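Overview (structure and organization)
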Amino acid sequence: EPEVTQTPSHQVTQMGQEVILRCVPISNHLYFYWYRQILGQKVEFLVSFYNNEISEKSEIFDDQFSVERPDGSNFTLKIRSTKLEDSAMYFCASSVNRRVPSTEAFFGQGTRLTVV
Amino acid sequence: SQQGEEDPQALSIQEGENATMNCSYKTSINNLQWYRQNSGRGLVHLILIRSNEREKHSGRLRVTLDTSKKSSSLLITASRAADTASYFCATDTDKLIFGTGTRLQVFP
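Residues numbered from 1 in each chain as written. Chains lettered and ligands numbered in written order. Predicted model: local features only at pLDDT ≥ 70, side-chain atom pairs only at ≥ 80, totals over all residues. Heavy atoms only, no water.

Observations concerning the pattern of salt bridges
Residues and elements named next belong to chain B. Summed over all chains, the structure comprises 4 salt bridges over all chains. Residue glutamate 53 pairs with lysine 56 through a salt bridge whose shortest N-O separation is 4.0 Å. On the basis of relative accessibility, which here comes to 21%, the residue glutamate 53 falls in the partly exposed class. For lysine 56, a relative accessible area of 27% puts it in the partly exposed group. Between glutamate 55 and arginine 62 there is a salt bridge; the shortest N-O distance is 3.1 Å. (Salt bridge = Lys/Arg side-chain N within 4 Å of Asp/Glu carboxyl O. Buried < 20%, exposed > 50% of the residue type's maximum accessible area, 1.4 Å probe, protein only.)

Section: the interface of chain A and chain B
Chain A puts 18 residues into the contact, and the matching count from chain B is 24 residues. Taken together, the connections running from chain A to chain B amount to 0 salt bridges. Secondary structure elements with two or more residues in the side of chain A that touches chain B: β4 (31-37), β5 (43-50) and β9 (88-95) of chain A. Looking at the side of chain A that touches chain B, its residues break down into 8 nonpolar, 5 polar and 5 charged. (Contact = heavy atoms within 4.5 Å. Helix = DSSP H or I, 4+ residues; strand = E, 2+ residues; numbered from the N terminus. Nonpolar A, V, L, I, M, F, W, Y, C, P; charged D, E, K, R; others polar.)

Points about the sheet that holds strand β1 (residues 5-7) of chain B
Strand-to-strand pairing in sheets goes through backbone hydrogen bonds, with the strands running parallel or antiparallel. Residue and element names in this part refer to chain B. Pairing is antiparallel in the open sheet, where 5 strands are placed in the order β1-β3-β8-β7-β6. Looking at strand neighbours, the two that pair on one side only are β1 and β6 (55-58), the edges of this open sheet. Going across the sheet, the axis of each strand differs from the next one's by a mean of 20°, ignoring polarity. (Pairing = 2+ DSSP bridges. Axes fitted to C-alpha atoms, helices over the stretch in contact; angles between N-to-C directions.)

Some remarks on the confidence of the model for chain B
Mean pLDDT over chain B stands at 91; residues scoring 70 or higher make up 96%. When mean pLDDT is taken per element in chain B, strand β7 (residues 61-66) of chain B scores highest with 97 and β1 of chain B scores lowest with 81. (pLDDT = per-residue confidence, 0-100.)

Some details on the sheet that holds strand β1 (residues 5-7) of chain A
Residue and element names in this part refer to chain A. The strand order across the open sheet formed by 4 strands is β1-β3-β8-β7, and the pairing between neighbours is antiparallel. Edge positions in the sheet fall to β1 and β7 (65-68), since each of these pairs with one other strand and no more. This sheet shows a mean twist of 20° between the axes of neighbouring strands, independent of strand direction. Note that strand β3 (residues 19-24) and strand β8 (residues 75-79) share 5 bridges and pair antiparallel. The partner of leucine 21 across the bridge, within β8, is leucine 77.

Right, here's the structure in full:
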């Protein structure tokens with residue numbers, strides 16, 4: 001069964017460092033998303049991406065964050081200068097089509113980011 | 001309050017019992033989805049119910065949707081210890097907005 005894969009599963013970084021979280025969405029999917037979940041809290045929307053551009057972003061997704069689809073398969077989330085409060089589980093998701101109201105999103109297993 | 005709030009926040013039951021979790025939301029939706037998350041793991045899609053549907057079944061899962069009350073419920077029948085997880089509703093407008101989740105503990 002096709003799945004969304006994320007690497008690494010766990011990343012520890014020092015405050016102020018840049019991190020890149022990687023995702024390989026399901027191959028025929030067109031819409032891509034990043035979500036995050038701070039430990040013990042709800043899953044929060046960060047950004048959606050379609051046709052090589054951001055379609056929507058939340059207030060959390062400030063100038064420290066960027067997304068990219070560098071090739072035909074990868075979808076990355078970059079945090080330029082990490083802060084302690086960026087520590088969270090980051091989930092990538094993809095879906096075939098946002099315009100059909102019965103489309104589910106498939107989530108990866110997540111990358112646990114720990115900023116020290 | 002937030003779009004997508006589940007109650008109860010936590011639920012403990014014995015194996016074989018039914019578990020009911022509720023979700024309330026605030027805005028119009030395209031559909032509502034339920035996800036499951038084992039501790040520290042990813043989100044697994046369980047079931048999707050469209051805004052024009054009232055009830056949907058999938059195995060031991062039964063989901064209802066009442067758009068007039070802006071609420072949904074997830075029923076897990078004949079629960080098993082392996083059902084222990086957090087369950088989230090997610091309302092779908094142009095993006096998924098997740099609720100706060102219900103932590104379900106099923107004791108053998």
